[in-house]
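# Overview (structure and organization)
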Amino acid sequence: MSAVLADRFGRTATDLRLSLTDRCDLRCTYCMPAEGLPWLPRAEMLTDDEIVRLVGIGVSLLGIRDVRLTGGEPLIRPGIVGIVARLAALTPRPKLSLTTNAVGLERLARPLAEAGLDRVNISLDTLDPEVFRTLTRRDRHARVLAGVEAAHEAGLCPVKINTVLMRGVNDHEAPALLRWCLDRGYELRFIEQMPLDAQHGWDRGAMVTAQEILDRLGERFALEPEGEAVRGSAPAETWLVDGGPEAPGGGRVGVIASVTRPFCEACDRTRVTADGQVRTCLFAREESDLRSLLRSGAPDEAVADAWRTAMLGKKAAAGIGEPGFVQPERPMSAIGG
């Protein structure tokens, strides 16, 4: 079989999004209910050794070059620093990043950087502590801001801030969030709200679209599109802001328009859940079990073959919000953002 993770549409996956846990220490309204969710039993989750072996198979046999650790909230995974250190020791060494809510990052930023983590993406939807409490149902805004600063000081750069705008809640904050990031050297990414909530309450009509975001930013900033040549397979379209990073007060902003400007044709990602299931797309309804192979004593090549076979089932497009679209059963907290 092929030595890469190729699908039937000419795409090759080189970017692995690996969920370390389905649990989270926040309860964001667009992700899960206030009472949380039925968490995976610990015995069903991949062990540290299984995580390292699986990523090792990806980088040595399947051409994986980038590994993003996700959740749930990956920082609440016991032994996260040790996992990062072991992944950084793999040959060939993948680029290692992590998506986090930053609640625990003030304490862990430096140890993670020393272990080999390259950079972080941090979810931050508001600069207002009260709005933060409304969105997350937790009073941890100050801890998040401290975590963002600690990541920057530890050299986990570029620090990328991920923001989901909610109509009537925080959508008015778009320009202020961008100014805040520009002043501190962070890169802001606005993300259209996607149908990945456990409550299945997503409403396309209530979603703040990419064009609305750009229109609001354009009232305060000069935006120049960087174009597809710069974007490549990245999910974010990017714009230079007020002359770009080389200009005083300028920088860069991105918009991930998964719903209104889908980028499926350039997708280079494969996903593995915390319980060892391959998902070819965030919105896939099918999964392929790698955990059972790992635990049955299957050789690395057999695991790699199963992973390749799973990727052949990847669809041409997710079809988010289109007629016939069905939201996946597992919410974002379980499959990794």
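Residues numbered from 1 in each chain as written. Predicted model: local features only at pLDDT ≥ 70, side-chain atom pairs only at ≥ 80, totals over all residues. Heavy atoms only, no water.

### A short note on the overall build of the protein chain
To be explicit about the condition: Every helix listed is a DSSP run of H or I at least four residues long, and every strand listed is a run of E at least two residues long, numbered separately from the N terminus. Restricting the calculation to C-alpha atoms gives the radius of gyration, and the globule rule supplies 2.2 Å times the number of residues raised to the power 0.38. Burial status follows relative accessibility: with a 1.4 Å probe on protein chains alone, a residue under 20% of its type maximum counts as buried, one over 50% as exposed, and anything between as partly exposed. Any two residues whose heavy atoms approach within 4.5 Å at even a single point are treated as in contact. Under this rule, positive means Lys or Arg and negative means Asp or Glu; His and the chain ends count for nothing. For this purpose, a charge sits on NZ of Lys, CZ of Arg, CG of Asp or CD of Glu.
For the protein chain, the count of helices and strands is eleven helices and 14 strands. Its C-alpha radius of gyration of 19 Å places the protein chain within 12% of the 20 Å reference for a compact globule of 337 residues. In the protein chain, buried positions account for 56% of the 337 residues. Of the contacts formed within the protein chain by residues at least 6 apart in sequence, a portion of 74% connects residues at least 24 apart. Charge-centre separation for the protein chain: the mean point of 42 positive side chains lies 3 Å from the mean point of 47 negative side chains.

### What to know about the sheet that holds strand S9 (residues 223-225)
Quick reminder of the rule: At least two bridges found by DSSP between two strands is the condition for calling them paired.
The strand order across the open sheet formed by twelve strands is S9-S10-S11-S8-S7-S6-S5-S4-S3-S12-S13-S14, and the pairing between neighbours is mixed. Among the strands making up the open sheet, the edge pair consists of S9 and strand S14 (288-289). Bridge count between strand S12 (residues 269-272) and strand S13 (residues 277-279): two bridges; the pairing is antiparallel. By the bridge assignment for S13, Val-272 is matched with Val-278.

### Some thoughts on the packing of helix H3 (residues 105-115) against helix H5 (residues 141-153)
To characterise two packed helices, one gives the angle between the axes of the helices and the distance between these axes. Selection criterion: Angles shown run from 0 to 180 degrees and are taken between the N-to-C directions of axes, each axis being a line fitted to C-alpha atoms and, for helices, limited to the stretch in contact. Oblique is the label for any angle not covered by the other classes, which are roughly parallel (under 35 degrees), roughly antiparallel (over 145) and roughly perpendicular (65 to 115). Left-handed describes a crossing whose near helix is turned anticlockwise from the far helix by less than a right angle; the clockwise case is right-handed. Each residue is assigned to one class: nonpolar for Ala, Val, Leu, Ile, Met, Phe, Trp, Tyr, Cys and Pro, charged for Asp, Glu, Lys and Arg, and polar for all the others, Gly among them.
Where H3 meets H5, the closest approach of the two axes is 8 Å, and the angle between their N-to-C directions is 15°. By the angle class used here, H3 and H5 are roughly parallel. The way H3 lies across H5 gives a crossing that is right-handed. Contacts between H3 and H5 involve Leu-105, Glu-106, Ala-109 and Arg-110 on the former and, on the latter, Ala-146, Gly-147, Ala-150, Ala-151 and Glu-153. Among the residues forming the contact of H3 with H5, the class breakdown is five nonpolar, one polar and three charged.

### Focus: the side chain of His-141
With respect to the secondary-structure elements, His-141 resides in helix H5. Ignoring any residue separated from it by four or fewer positions in sequence, one finds His-141 in contact with Leu-124, Thr-126, Leu-127, Asp-128, Pro-129 and Phe-132.

### Some thoughts on the nonpolar core
The criterion, for reference: Here, nonpolar core refers to any group of buried Ala, Val, Leu, Ile, Met, Phe, Trp, Tyr and Cys residues whose side-chain atoms link them within 4.5 Å.
In this structure, Leu-69, Ile-122, Ile-161, Phe-190 and Trp-307 are the most contacted members of the largest nonpolar core, which totals 97 residues. Setting aside chain neighbours within four positions, we find Ile-122 in contact with Thr-100, Asn-101, Ala-102, Leu-105, Val-148, Ala-151, Val-159, Lys-160, Ile-161 and Asn-162.

### Let's talk about the pattern of salt bridges
This is how it is decided: Definition used for salt bridges: Asp or Glu carboxyl oxygen within 4 Å of a side-chain nitrogen of Lys or Arg.
A complete count under the given rule lists 21 salt bridges for this structure. The salt bridge involving Glu-50 is made with Arg-295; its shortest N-O contact spans 2.7 Å. Of this pair, Glu-50 sits in helix H1 (residues 48-61) while Arg-295 is found in helix H9 (residues 291-295), placing the two residues 245 residues apart along the sequence. Owing to a relative accessible area of 12%, Glu-50 belongs among the buried residues under this scheme. For Arg-231, the salt bridge identified is with Glu-228, shortest N-O distance 3.6 Å. Of the two residues, Arg-231 and Glu-228 both sit in helix H8 (residues 228-231), three residues apart, roughly one turn of that helix. Given the relative accessible area of 12%, Arg-231 is considered buried. On the accessibility criterion, Glu-228 (52% relative accessible area) is exposed.

Any functional reading would require information that these geometric values do not contain.
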